[in-house]
Amino acid sequence: MQYLRTLKYGFYVIFHPFDGFWDLKKEHRGSVAASFTFIVLTIFMLVVQKQNTAFLFNMNRLETIDVMVDIVSVGLMCILWCVSNWCLTSLMDGEGKMRDIIIFTGYSLVPLWLIQFPLIGMSHMITAEEGTFYYVFTTISYLWTGALLLAGMMVTHQYSVKKTLFTTLLTIIGMAILLFIGLLFFSVIQQIATFVMTIYKEVRFR
Amino acid sequence: MKNSKKKFGKLLCVLAAAGSLLFPASEVSADTMPYDTYSYDWWGEDVLQPPAYLYAEELSYIQSGTKLKNPQDLFLKHDTLYVADMENSRIVALDTSGAMLWELSSFTADGAEDSLKSPQGVFVTEEGHIYVADSGNGRVVEFSPNREYIRQIGRPETELITESQNYVPTKVIVDGAGRIYVIAYGINMGLVEFDRNGEFQGFMGATQVSVSMFEYIWKNYFSTDAQKQRMETIIPTEYSNIFVDKSNFVYATISNLSAEDHLNGADAVRRLNPTGTDVLRRLGNTAIIGDLYNATDEAAWSSFTDIASTDYGCYFILDNAGGKVFCYDYDGNSLFVFGGKGSRAGLVRNPVSLALSEDQAKIYVLDSQLGSILTYEITEYGQALLGALKAHNEGNEALSYELWQEVLLRNANSEVAYIGIGKTYLKEGRYKEAMEYFELGNSRKYYTKAFKFYRKDLMQDNFGKYMGLIAGVVVIALVFVVGKKIKRWVGEAKCNISGR
């Protein structure tokens with residue numbers, strides 16, 4: 001019941017972001033479980049959208065669609081965003097804990113799937129000339145999500161607008177660096193593994 | 001007895017005829033072809049398809065006189081092939097089997113002996129007048145149908161070309177109104193245009209030079225002198241070949257495009273109207289640049305050297321770099337690509353010119369290195385494909401529909417065929433089927449048209465149902481709202497009464 005209430009609170013947050021995010025943090029109106037639910041719903045929305053949007057608006061090649069790509073891209077982006085944001089804000093006097101960051105990120109994604117799910121159905125009822133509506137709504141969903149992310153960060157970390165924008169920029173750079181280090185790490189591990197394997201083979205075949 | 005024998009003989013005849021229909025005696029076949037036939041689909045990928053043209057024979061005609069030596073131009077008119085044999089300084093006429101009809105190298109001009117020198121272009125008008133781009137002498141010469149000298153058109157008299165500039169005409173065409181267009185080497189202001197009397201009229205269809213803002217800033221403020229020097233070469237491109245169609249539109253190809261030009265979307269082909277404006281339809285899925293490759297593969301860009309067009313708007317372009325022939329329809333959709341470079345029979349070394357027979361049954365490709373003409377014959381698939389487009393162009397929808405079905409039987413990947421059939425369904429009002437075919441043909445442009453009508457029909461047929469549904473929802477919502485209000489009103493009234 002508690003979980004359902006936290007889910008329902010998502011709808012309040014997207015219309016009253018400052019109030020809502022404050023309550024998420026201070027009044028514990030939200031939960032990490034609900035936040036994960038919203039992230040999973042976003043992934044689910046992407047999967048359905050890629051396959052089931054009407055032909056007129058669907059530029060995806062069905063043979064090449066891979067569910068794993070959606071899962072990894074959204075999931076990885078969320079993880080990177082949260083980690084990078086947490087690392088930076090701990091240094092920059094942010095008040096949010098890791099839990100708060102995960103919650104505000106998840107709750108910010110609500111408009112994305114809330115708008116785009118009905119759009120999948122709507123795409124089957126409109127012609128290409130009326131496609132403007134489709135694209136406008138898509139754009140609105142992204143802008144709304146973006147605005148919520150900013151507002152969430154502002155409220156959660158008690159930042160000014162200027163500092164929020166600056167931190168967002170740094171967070172994105174941080175994500176890139178994390179990605180780079182991650183790839184580097186995997187590459188090095190791979191090299192070491194090959195090296196060890198080669199030595200093992202050499203020793204065995206002697 | 002005699003009678004029955006006769007009958008038996010007749011039967012044999014019929015059987016033999018049937019057999020020859022089933023197993024035609026021609027030697028060409030798809031599985032011995034040294035090249036693949038393909039086209040580009042909506043995704044920009046090359047998709048194999050049945051061959052539209054098969055290699056037939058090589059017309060090298062060594063038997064009569066000297067071999068062609070570095071020939072530069074091929075022209076086909078009324079079943080006669082005219083070749084501009086550059087290094088032998090002559091024009092050669094061949095029949096379609098490759099036998100020589102006549103050759104023309106020297107002639108009597110106004111009482112004096114004269115001769116051609118390295119001609120690179122030849123054109124024959126409807127009346128049989130022969131125009132030769134006499135490159136070595138810097139002039140265009142006109143001959144009568146029996147090869148008598150009529151006139152020559154020399155260097156255009158204009159201040160736009162300086163005295164030091166060479167005038168080397170390489171290709172010449174004459175349109176239905178008698179206007180003469182010449183491509184001259186080193187002149188990058190477009191085609192040189194003469195009127196029917198040989199008076200210089202001006203330049204036509206000049207390629208515009210557009211320098212982007214970024215390029216301008218980069219060049220003027222951020223480049224070293226060495227870089228600047230390399231970049232000086234931003235000059236308009238020259239046309240490589242021209243072709244005039246039945247309605248006096250001039251098709252022109254451009255060959256010397258760099259990879260950068262291709263990526264920036266430069267035109268490789270133009271269709272010029274008599275005022276010199278490019279009116280080529282570019283509504284296809286891909287740019288009309290020949291093979292589509294990525295930026296890293298610089299050597300693979302196609303380089304167009306000749307073009308030939310049909311009455312119904314399909315055109316064939318010869319690519320010198322890959323030795324291929326590209327066919328596009330009126331809208332610029334890629335129909336098929338065939339040919340290649342190599343030493344096997346049917347492949348080319350250095351193709352320079354192509355000619356199309358009147359009914360598109362044969363394509364002639366002139367190879368300057370081989371010194372011979374390669375012929376390619378149309379297949380049943382090619383006939384169906386081109387026939388469908390022709391029928392559609394002539395407004396014969398029934399025939400076009402039939403031929404598209406035949407195309408689909410042979411090539412289930414043909415997007416143009418799906419779109420063609422979809423168009424027929426759209427006209428017949430079978431919108432749902434039309435939508436299906438447009439989706440298979442990846443045409444969103446036509447799909448949305450069909451969908452619009454389909455939706456309209458659906459709404460009209462089920463208007464009552466939908467309106468009933470909406471009305472029902474509204475009524476239920478109203479009942480709820482009003483019910484709530486009444487309850488509230490009753491409650492308030494009760495409160496008021498009890499409060500008193």
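The structure displayed is predicted, hence computed values, not measured ones. (Residues numbered from 1 in each chain as written. Chains lettered and ligands numbered in written order. Predicted model: local features only at pLDDT ≥ 70, side-chain atom pairs only at ≥ 80, totals over all residues. Heavy atoms only, no water.)

Chemist: Provide a residue-level description of the overall build of chain B, including the pertinent values.
Modeler: Helix and strand content of chain B: 10 helices and 27 strands. Classification of the 500 residues of chain B by burial places 47% in the buried group. Within chain B, residue pairs in contact and separated by at least 24 positions form 45% of the contacts whose partners lie at least 6 positions apart. Summed over its atoms, the accessible surface of chain B is roughly 26500 Å², and 53% of this surface lies on carbon and sulfur atoms. (Helix = DSSP H or I, 4+ residues; strand = E, 2+ residues; numbered from the N terminus. Buried < 20%, exposed > 50% of the residue type's maximum accessible area, 1.4 Å probe, protein only. Contact = heavy atoms within 4.5 Å. Areas by Shrake-Rupley, 256 points an atom, 1.4 Å probe, with all protein chains shown as cover.)

Chemist: Please provide a residue-by-residue account of the domain arrangement of chain B, values included.
Modeler: Residues and elements named next belong to chain B. As far as domains go, chain B holds domain 1 (30–394), domain 2 (395–461) and domain 3 (464–500). The C-alpha centroid of domain 2 is placed 35 Å from the C-alpha centroid of domain 1. Each partner contributes residues to the interface: domain 1 has 22 residues there, and domain 2 has 17 residues. At the boundary of domain 1 with domain 2, total buried surface from both sides reaches about 1600 Å², with 60% on carbon and sulfur atoms. Taken as a group, Trp42, Tyr381 and His392 account for 30% of the area that domain 1 buries against domain 2, more than any other trio of residues on that side. Put simply, domain 1 and domain 2 have one salt bridge between them. (Domains from an automatic or database assignment. Buried area = accessible area lost by both parts, 1.4 Å probe. Salt bridge = Lys/Arg side-chain N within 4 Å of Asp/Glu carboxyl O.)

Chemist: Describe the interface of chain B and chain A, with residues and values.
Modeler: On the side of chain A, 13 residues touch chain B, which itself brings 14 residues to the contact. Taken together, both faces of the contact between chain B and chain A bury some 1200 Å²; the carbon and sulfur share is 59%. Together, B:Trp43, B:Arg444 and B:Thr448 form the three largest contributors to the area buried by chain B at its contact with chain A, with a combined 47%. The salt bridge involving B:Lys452 is made with A:Glu129; its shortest N-O contact spans 3.2 Å. On inspection of chain B and its partner chain A, the count reaches seven residue pairs in polar contact (both at pLDDT 80 or more). Of all the elements in the fold, those that place two or more residues in the side of chain B that touches chain A are helix 8 (431–440) and helix 9 (444–461) of chain B. Residue contributions to the side of chain B that touches chain A peak at six residues, all from helix 9 of chain B. Residues that form the side of chain B that touches chain A fall into these classes: five nonpolar, three polar and six charged. (Polar contact = N/O pair within 3.5 Å; in protein donor to acceptor, adjacent residues only side chain to side chain. Nonpolar A, V, L, I, M, F, W, Y, C, P; charged D, E, K, R; others polar.)

Chemist: Outline the sheet that holds strand 16 (residues 191–194) of chain B, supporting the account with residue identities and numerical values.
Modeler: Residues and elements named next belong to chain B. Spatially, 14-15-16-17 is the arrangement adopted by the four strands of the open sheet, whose pairing is antiparallel. At either margin of the open sheet sits one strand with a lone partner, and together these are strand 14 (168–174) and strand 17 (200–204). Recorded for the sheet is a direction-independent mean angle of 30° between the axes of neighbouring strands. Pairing between strand 16 and strand 17: four bridges, direction antiparallel. Residue Val192 lies in a different strand from strand 17, and its bridge partner there is Phe203. (Pairing = 2+ DSSP bridges. Axes fitted to C-alpha atoms, helices over the stretch in contact; angles between N-to-C directions.)

Chemist: Help me get a handle on the nonpolar core, residues and values and all.
Modeler: Residue and element names in this part refer to chain B. Counting residues in each nonpolar core, the largest one holds 62 residues, and the members touching the most others are Phe143, Leu191 and Val250. When residues in this core are grouped by element, the largest group, five residues, is from strand 15 (residues 180–185). By size, the runner-up hydrophobic cluster in this structure holds 58 residues, among which are Leu385, Tyr418, Ala434 and Tyr447. (Core = buried A, V, L, I, M, F, W, Y, C linked by side-chain atoms within 4.5 Å.)

Chemist: Outline the confidence of the model for chain B, listing residues and values.
Modeler: Residues and elements named next belong to chain B. A residue-level look at chain B finds 88% of positions with pLDDT of 70 or above and a mean pLDDT of 83. For the stretch residues 1–6, pLDDT sits under 50, and the model shows zero contacts to residues farther than four places along the chain or on other chains. Here residues 15–26 scores under 50 on pLDDT; set against residues more than four positions off or in separate chains, the count is zero contacts. The ipTM for the predicted assembly is 0.80, set against a pTM of 0.78. (pLDDT = per-residue confidence, 0-100.)

Chemist: Could you give an account of the pairing of strand 9 (residues 112–115) of chain B, naming the residues involved and the relevant values?
Modeler: Residue and element names in this part refer to chain B. Direction of pairing for strand 8 (residues 106–109) relative to strand 9: antiparallel, over a ladder of four bridges. Each bridged residue has a counterpart across the sheet, and for Ser106 the counterpart in strand 9 is Ser115. Once strand 8 ends, the chain turns through two residues before running back antiparallel as strand 9, passing Asp110 with a positive phi of about 50°.

Chemist: Explain a nonpolar patch on the surface to me, using residue names and the numbers behind them.
Modeler: A grouping of A:Leu169, A:Ile173, A:Ile177, A:Phe180, A:Ile181, A:Leu184, A:Val188, A:Ile192, A:Phe195, A:Val196, A:Ile199 and A:Val203 is seen on the molecular surface, where their side chains present a nonpolar patch of about 1200 Å² in accessible area. One can find A:Ile199 in helix 8 (residues 161–205). (Patch = residues over 30% accessible without salt bridge, like charges linked within 9 Å, V, L, I, M, F, W, Y side chains within 5 Å.)

Chemist: Could you give an account of the sheet that holds strand 25 (residues 351–356) of chain B, with specific residues and numbers?
Modeler: Residue and element names in this part refer to chain B. Sheet architecture is open: four strands sit in the order 3-27-26-25, paired in antiparallel fashion. Looking at the sheet topology across the chains shown, the edges are occupied by strand 3 (53–59) and strand 25. Pairwise comparison of adjacent strand axes, ignoring direction, gives a mean angle of 25° for this sheet.

Chemist: Hey, could you go over the environment of B:Leu335 for me, with residue numbers and the actual values?
Modeler: Residue and element names in this part refer to chain B. With respect to the helices, strands and loops of the structure, Leu335 is situated in strand 24 (residues 334–339). Leu335 sits 56 residues away from Ala391 along the chain, and the two C-alpha atoms are 16 Å apart. Residues within four places of Leu335 in sequence aside, it is in contact with Ser39, Gln49, Cys314, Cys327, Tyr328, Asp329, Leu385, Leu386, Leu389 and Val416.

Chemist: Quick one: what's the story with unusual backbone geometry, residue by residue and with numbers?
Modeler: A positive phi angle is found at A:Gln158, which is not glycine, with a value near 60°. Mapped onto the elements, A:Gln158 comes out in the loop between helix 7 (131–157) and helix 8. The partly exposed category is assigned to A:Gln158, whose relative accessible area is 40%. You will see that B:Gln360, though not glycine, has its phi angle at about 60°, which is positive. Mapped onto the secondary structure, B:Gln360 falls in the loop between strand 25 and strand 26 (362–367). The class of B:Gln360 is buried, set by a relative accessible area of 8%.

Chemist: Explain the packing of aromatic side chains to me, using residue names and the numbers behind them.
Modeler: All names here are of chain A. Inspection of every chain in the model, using the stated rule, returns 37 aromatic pairs over all chains. Between Tyr134 and Tyr135 the ring centres are 5.4 Å apart and the planes differ by 85°, which places this aromatic pair in the edge-to-face class. Relative accessible area serves as the criterion here: at 6%, Tyr134 is assigned to the buried category. A residue is classified by how much of its surface remains accessible, and Tyr135, at 43% relative accessible area, is partly exposed. (Phe/Tyr/Trp six-rings, centres within 6.5 Å; stacked < 30°, edge-to-face > 60°.)

Chemist: Lay out the pairing of strand 4 (residues 71–77) of chain B with the relevant residues and their values.
Modeler: Residues and elements named next belong to chain B. With seven of seven residues buried, strand 4 lies mostly within the body of the structure. Direction of pairing for strand 4 relative to strand 5 (residues 80–85): antiparallel, over a ladder of six bridges. Its bridge partner lying in strand 5, Leu74 is registered against Val83. The turn joining strand 4 and strand 5, which pair antiparallel and follow one another in sequence, is formed by two residues; a positive phi near 50° is taken by His78.

Chemist: Give me the lowdown on empty space enclosed by the protein, citing residues and values where you can.
Modeler: All names here are of chain B. Within this structure, the stated rule accounts for four cavities of 30 Å³ or more. Roughly 190 Å³ of volume is contained in the largest cavity. In terms of lining, the largest cavity is formed by 18 residues, of which the most central are Ser39, Tyr40, Ser334, Glu415 and Val416. Counting residues per element, the ones that place at least two in the lining of the largest cavity are strand 1 (38–40), strand 2 (46–48), strand 24 and helix 7 (415–428). Looking at the lining of the largest cavity, the element that brings in the most residues is helix 7, giving three residues. In terms of residue class, the lining of the largest cavity is built from seven nonpolar, nine polar and two charged. For the lining of the largest cavity, the two domains that each supply at least three residues are domain 1 (30–394) and domain 2 (395–461). Of the voids in this model, the second largest cavity is the one considered here, and its volume is about 50 Å³. What lines the second largest cavity is a set of 10 residues, among which Ile183, Ile187, Gly190, Glu238 and Tyr239 lie closest to the centre. (1 Å grid on protein atoms, 1.4 Å probe; cavity = no way out; pocket = protein on both sides within 12 Å on 5 of 7 lines; lining within 4 Å. Points joined across faces, edges and corners; volume = space filled by probe spheres on them.)

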